[in-house]
Amino acid sequence: MSKANGMNYAPQGKPRPVVGDGEFAFAAMSLDHGHIYGMCNGLREAGATLKWVYDPDPEKVSKFIQTYPNVRVAESEQQILQDTEVALVAAAAIPSERGPLGVKVMEHGKDYFTDKTPFTSIDQLERAKQTAESTGRKYAVYYSERLHVESAVFAGQLILNGAIGRVVQVLGLGPHRLNAPQRPDWFFKKQQYGGILCDIGSHQIEQFLYYSGNQDAKVLHSKVANYHNKGYPELEDYGDATLVGDNGATNYFRVDWLTPNGLSTWGDGRTVVLGTDGYIELRKYVDIARAAEGDQLYLVNGEGEFRMELGGKVGFPYFGELVLDCLNRTENAMSQAHVFKAAELCLRAQAQAVRVE
């Protein structure tokens with residue numbers, strides 16, 4: 001992750017191919033958010049072949065091919081959608097355009113892999129659900145703060161192995177650096193980015209559902225505010241929410257665009273998972289005033305206190321699992337129900353949020 005400006009969104013891991021060269025082709029389009037690089041890195045490390053790229057902005061395409069020089073530049077969306085060799089389309093469109101693009105991709109018989117947040121309205125979500133069911137295609141989402149962070153991956157493994165007992169509460173903190181001058185216009189338009197709980201809050205809700213083993217939850221309370229960026233009246237620079245899952249586990253998360261310039265990276269993202277027999281704390285991107293490296297995991301349970309440095313040691317299994325799911329029509333990477341439920345809950349948290357003035 002970038003230390004200074006926080007605009008580098010491309011985690012890299014050790015290649016762990018699950019397919020041979022040319023066995024699984026994918027394309028990239030709609031390069032509106034830098035997460036497209038992390039998405040493509042993950043797929044390529046899993047052995048997928050990046051065949052095409054398309055964006056109407058030639059500057060975005062030029063930058064993309066500097067990173068991936070062997071990719072072919074498509075003349076249009078249709079050139080990609082009509083290519084029968086392309087199994088999956090990865091895209092990081094403007095948030096309000098992600099749902100409609102996914103519907104189009106699935107209607108052309110291809111699986112879709114979008115940046116978060118996957119939707120900005122319930123109507124978009126319902127249309128995608130209907131299309132996924134009718135076409136049998138996948139609508140996958142890059143919930144990167146769990147899927148592309150090694151400490152978060154390992155925390156899931158510890159929880160599944162019973163290291164902290166039954167999970168009863170998940171606390172998520174998702175601060176981000178704003179870097180307003182480097183942001184595109186759509187970033188500050190509510191109709192296009194969807195609101196802070198809809199956007200970066202989607203990471204937090206997905207993590208809660210996964211770590212707590214919930215298939216559904218209720219949003220009890222949520223709040224948003226613009227505390228420090230009045231020059232951008234449609235921006236929400238703060239949001240929080242409280243949820244309770246069907247199995248009784250609870251969740252509180254806070255997201256914001258208030259990271260101070262003195263922090264060495266783009267955000268001090270943390271997650272604390274409380275279980276009946278212990279707890280886990282993740283310091284994902286930095287261990288402030290102690291270690292510049294992220295991926296620090298702290299575990300306390302009946303066996304003692306443990307600190308683990310996990311960078312470069314765990315990998316990112318989601319991407320290989322996604323490739324195999326697309327080939328085998330399985331759901332090992334992430335179920336479609338989980339994808340859509342996380343999206344639904346962030347939309348509901350956003351819609352019912354109290355505006356704090």
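What counts, and where the lines are drawn
- Residues numbered from 1 in each chain as written.
- Predicted model: local features only at pLDDT ≥ 70, side-chain atom pairs only at ≥ 80, totals over all residues.
- Heavy atoms only, no water.
- Salt bridge = Lys/Arg side-chain N within 4 Å of Asp/Glu carboxyl O.
- Helix = DSSP H or I, 4+ residues; strand = E, 2+ residues; numbered from the N terminus.
- Buried < 20%, exposed > 50% of the residue type's maximum accessible area, 1.4 Å probe, protein only.
- UniProt positions renumbered as here; feature names shortened; annotations may be inferred.
- Pairing = 2+ DSSP bridges.
- Axes fitted to C-alpha atoms, helices over the stretch in contact; angles between N-to-C directions.

Enquirer: Can you walk me through the pattern of salt bridges in this structure?
Expert: Oppositely charged side chains may form a pair once their charged atoms are brought near each other. Counting across every chain of the model gives 25 salt bridges. The salt bridge partner of R98 is D115, with a shortest N-O separation of 3.4 Å. One end of the pair, R98, is in helix α4 (residues 95-107); the other, D115, is in strand β5 (residues 111-115), with 17 residues separating them in the sequence. Just as R98 is buried, D115 falls in that class too. Note that E236 is salt-bridged to K190, the shortest N-O span being 3.0 Å. Pair noted here: E236 is in the loop between β8 (217-225) and β9 (238-245) and K190 is in helix α8 (residues 190-193), with a separation of 46 residues, a long-range link. On the basis of relative accessibility, which here comes to 32%, the residue K190 falls in the partly exposed class. Through salt bridges with shared partners, one network takes in D268, R270, E281, R283, D287, R307 and E309.

Enquirer: Whenever I open this one, the UniProt feature "domain: Gfo/Idh/MocA-like oxidoreductase N-terminal" (unreviewed entry) in the chain confuses me. Can you help?
Expert: As annotated by UniProt and renumbered to match this structure, "domain: Gfo/Idh/MocA-like oxidoreductase N-terminal" (unreviewed entry) occupies residues 47-143. Spanning residues 47-143, this segment combines 43% helix with 25% strand, and its end C-alpha atoms are found 20 Å apart.

Enquirer: Could you clarify how one ought to interpret the UniProt feature "domain: GFO/IDH/MocA-like oxidoreductase" (unreviewed entry) in the chain in this entry?
Expert: When the UniProt feature table is mapped onto this chain numbering, "domain: GFO/IDH/MocA-like oxidoreductase" (unreviewed entry) sits at residues 156-281. Across residues 156-281 one finds 17% helix and 34% strand; the C-alpha atoms that close the span lie 12 Å apart.

Enquirer: Teacher, can you tell me more about the sheet that holds strand β10 (residues 250-256) here?
Expert: Hydrogen bonds between backbone atoms are what pair the strands of a sheet, whose relative direction is either parallel or antiparallel. If you walk across this open sheet you meet the 9 strands as β14-β13-β12-β11-β7-β10-β9-β8-β15, and the pairing is mixed. For this open sheet the edge positions go to β14 (304-309) and β15 (354-356), each flanked by a neighbour on one side alone. Each strand of the sheet is rotated relative to its neighbour by a mean of 10°, with strand direction disregarded. Sheet topology places strand β7 (residues 167-175) next to β10; 7 bridges connect them, and they run parallel. Across the sheet, the residue bridging to Q169 is T250, located in β10.

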